Amino acid sequence: MAAAVAIDPSVILESETLPIDVDDQYGYGYGQTMGFRGAAPEGAQNAKIVYAVDRAKVWKMVEDVFNKL
């Protein structure tokens, strides 16, 4: 999916930009990626969170690649 979005961002139907952070403290949530609405911890970076894509368009991209093989 990331490749499809990188090749053609128009496949995105619904998205939101949020500050995100990764839990790097050893414990239950280690490695968990967290998005924040409102106040975010220091060092959080903005990322586009994709909620919906045009599935027909993505599958067409996949089919086109396989047809070229």
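Preceding block: the structure.
The rules behind each value
- Residues numbered from 1 in each chain as written.
- Predicted model: local features only at pLDDT ≥ 70, side-chain atom pairs only at ≥ 80, totals over all residues.
- Heavy atoms only, no water.
- Helix = DSSP H or I, 4+ residues; strand = E, 2+ residues; numbered from the N terminus.
- Rg over C-alpha atoms; globule rule 2.2 N^0.38 Å.
- Buried < 20%, exposed > 50% of the residue type's maximum accessible area, 1.4 Å probe, protein only.
- Contact = heavy atoms within 4.5 Å.
- Areas by Shrake-Rupley, 256 points an atom, 1.4 Å probe, with all protein chains shown as cover.
- Lys, Arg positive; Asp, Glu negative; His and termini not counted.
- Charge placed at Lys NZ, Arg CZ, Asp CG, Glu CD.
- Core = buried A, V, L, I, M, F, W, Y, C linked by side-chain atoms within 4.5 Å.
- Salt bridge = Lys/Arg side-chain N within 4 Å of Asp/Glu carboxyl O.
- Polar contact = N/O pair within 3.5 Å; in protein donor to acceptor, adjacent residues only side chain to side chain.

Engineer: In this structure, what is going on with the overall build of the protein chain? I would like to understand it.
Structural biologist: Helix and strand counts for the protein chain come out as two helices and three strands. For 69 residues, the compact-globule formula gives about 11 Å, and the C-alpha radius of gyration of the protein chain, at 16 Å, lies well above that figure. Taken over 69 residues, the protein chain has a buried fraction of 14%. Long-range pairs, those at least 24 residues apart, make up 61% of the contacts in the protein chain with a sequence separation of at least 6. Total accessible area on the protein chain is roughly 5,600 Å²; 56% of this is exposed by carbon and sulfur atoms. Counting 6 positive and 10 negative side-chain charges, the protein chain places the averaged centre of each group 12 Å from the other.

Engineer: Before we go on, may I ask you to explain the nonpolar core in this structure?
Structural biologist: A general feature of soluble globular proteins is that nonpolar side chains tend to end up buried together. Counting seven residues, the largest nonpolar core is built from Ala-4, Val-5, Val-11, Ile-12, Val-53, Val-58 and Met-61. At the level of elements, helix H1 (2-7) and helix H2 (55-67) are the ones that each hand at least two residues to this core. Sequence-distant contacts of Val-58, that is, excluding residues within four places in its chain, are made with Met-1, Ala-4, Val-11 and Val-53.

Engineer: Would you mind going over the pattern of salt bridges with me for this structure?
Structural biologist: In a structure, side chains of opposite charge can pair up when their charged atoms sit close to one another. In this structure the tally under the stated criterion is three salt bridges. Between Asp-8 and Lys-57 there is a salt bridge, and its shortest N-O distance comes to 3.7 Å. Of this pair, Asp-8 sits in the loop between H1 and strand S1 (12-22) while Lys-57 sits in helix H2; the two residues are 49 residues apart in sequence, bridging distant segments of the chain.

Engineer: Explain the environment of Gln-45 to me, please; I cannot follow it from the model alone.
Structural biologist: Take Gln-45: it is sitting in strand S3 (residues 45-53). Sequence spacing of Gln-45 and Asp-24 is 21 residues, and the spatial spacing of their C-alpha atoms is 15 Å. Dropping the residues within four chain positions of it, Gln-45 is found in contact with Leu-18, Pro-19 and Ile-20. Engagement of the side chain of Gln-45 in a polar contact is seen with the backbone oxygen of Gly-43, the distance being 3.4 Å.

Spatial relationships are all this shows, so hold off on functional conclusions.
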